[in-house]
Amino acid sequence: MPSHTAEELLANVHGLTPERAQQLGDQIDACRQLLGANVNMDTIQQDLKDQGVSIIQAILITTRLLDDDHPNRLLAARKIVECSPARTDSIV
């Protein structure tokens, strides 16, 4: 049975399989737990990179970590991911 997060992804992100939605949902839920344990966003971004999560997928995950009422969630998530030390350190 898909988690609540996976169901939300399936309803709102075109082209996801139920399996991929569940995998992303699990990653989002794990990141939410880290945020709840006061782990900072840069550490979360490093963890996602270490797991082999692409930049596009990290942006999708990060949008779900921001408040629903954030005025520009996608832009903010993109900036968080692209400017994180995890991503900028590897760009030479």
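Look a little higher up for the structure.
Figured I'd write up the structure that's included with this text. Being a predicted model, the structure only gives us computed values, none of them experimental.

Among the secondary structure elements, Thr63 is positioned in helix α4 (residues 55-65). The sequence separation of Thr63 and Ala76 amounts to 13 residues, and the corresponding C-alpha distance is 7.8 Å. Beyond its immediate stretch of four places on either side in the chain, Thr63 contacts Arg73, Leu74 and Ala77. In this structure the side chain of Thr63 is engaged in a polar contact, spanning 3.0 Å, whose partner is the side chain of Arg64.

The next point concerns the nonpolar core. One finds Leu9, Cys31, Ile44, Leu48, Ile61 and Leu65 to be the most contacted residues of the largest nonpolar core, which totals 20 residues. Contributions of two or more residues to this core are made by α1 (4-12), α2 (18-36), α3 (41-50), α4 and α5 (73-83). Ranked by residue count, the leading element in this core is α4, at five residues.

In this section: the pattern of salt bridges. Tallied over the full model, the rule gives four salt bridges. Across the pair Arg32 and Asp29 runs a salt bridge, and its minimum N-O distance is 3.5 Å. One end of the pair is Arg32 and the other is Asp29, both in helix α2 and three residues apart, which spans about a single turn. Given the relative accessible area of 26%, Asp29 is considered partly exposed. Here Asp68 and Arg73 are joined by a salt bridge, their closest N and O atoms 2.9 Å apart. The exposure class assigned to Asp68 is exposed, which follows from its relative accessible area of 70%.

By the element assignment, Gln27 lies in helix α2. Overall, Gln27 belongs to the buried group, its relative accessible area being 14%. With residues up to four places along the chain from it excluded, the contact list for Gln27 reads Arg20, Gln51, Val53 and Ile61.

What follows deals with α3. The set of residues buried in α3 consists of Met41, Ile44, Gln45 and Leu48. Projected down its long axis, α3 shows its buried positions confined to an angular sector of 100°, all on one face. Looking at the buried residues of α3, the elements they touch are α2, α4, α5 and α6 (85-88). Two to three positions downstream of the cap, the backbone nitrogen of Asp42 sits 3.1 Å from a side-chain oxygen, assigning the N-cap of α3 to Asn40.

Moving on, we get to the packing of α2 against α4. Contact geometry for α2 and α4: axes closest at 10 Å, N-to-C directions at 55°. In terms of their interaxial angle, α2 and α4 are classed as oblique. Crossing handedness for the pair α2 and α4: right-handed. Residues Arg20, Leu24, Gln27, Ile28, Cys31, Arg32 and Leu35 of α2 lie in contact with α4, whose contacting residues are Gln57, Leu60, Ile61, Arg64 and Leu65.

Scoring rules and cut-offs
Residues numbered from 1 in each chain as written. Predicted model: local features only at pLDDT ≥ 70, side-chain atom pairs only at ≥ 80, totals over all residues. Heavy atoms only, no water. Helix = DSSP H or I, 4+ residues; strand = E, 2+ residues; numbered from the N terminus. Contact = heavy atoms within 4.5 Å. Polar contact = N/O pair within 3.5 Å; in protein donor to acceptor, adjacent residues only side chain to side chain. Core = buried A, V, L, I, M, F, W, Y, C linked by side-chain atoms within 4.5 Å. Buried < 20%, exposed > 50% of the residue type's maximum accessible area, 1.4 Å probe, protein only. Salt bridge = Lys/Arg side-chain N within 4 Å of Asp/Glu carboxyl O. Arc of directions from axis to C-beta. Axes fitted to C-alpha atoms, helices over the stretch in contact; angles between N-to-C directions. Parallel < 35°, antiparallel > 145°, perpendicular 65-115°, else oblique. Left-handed = near helix turned anticlockwise from the far one by under 90°.

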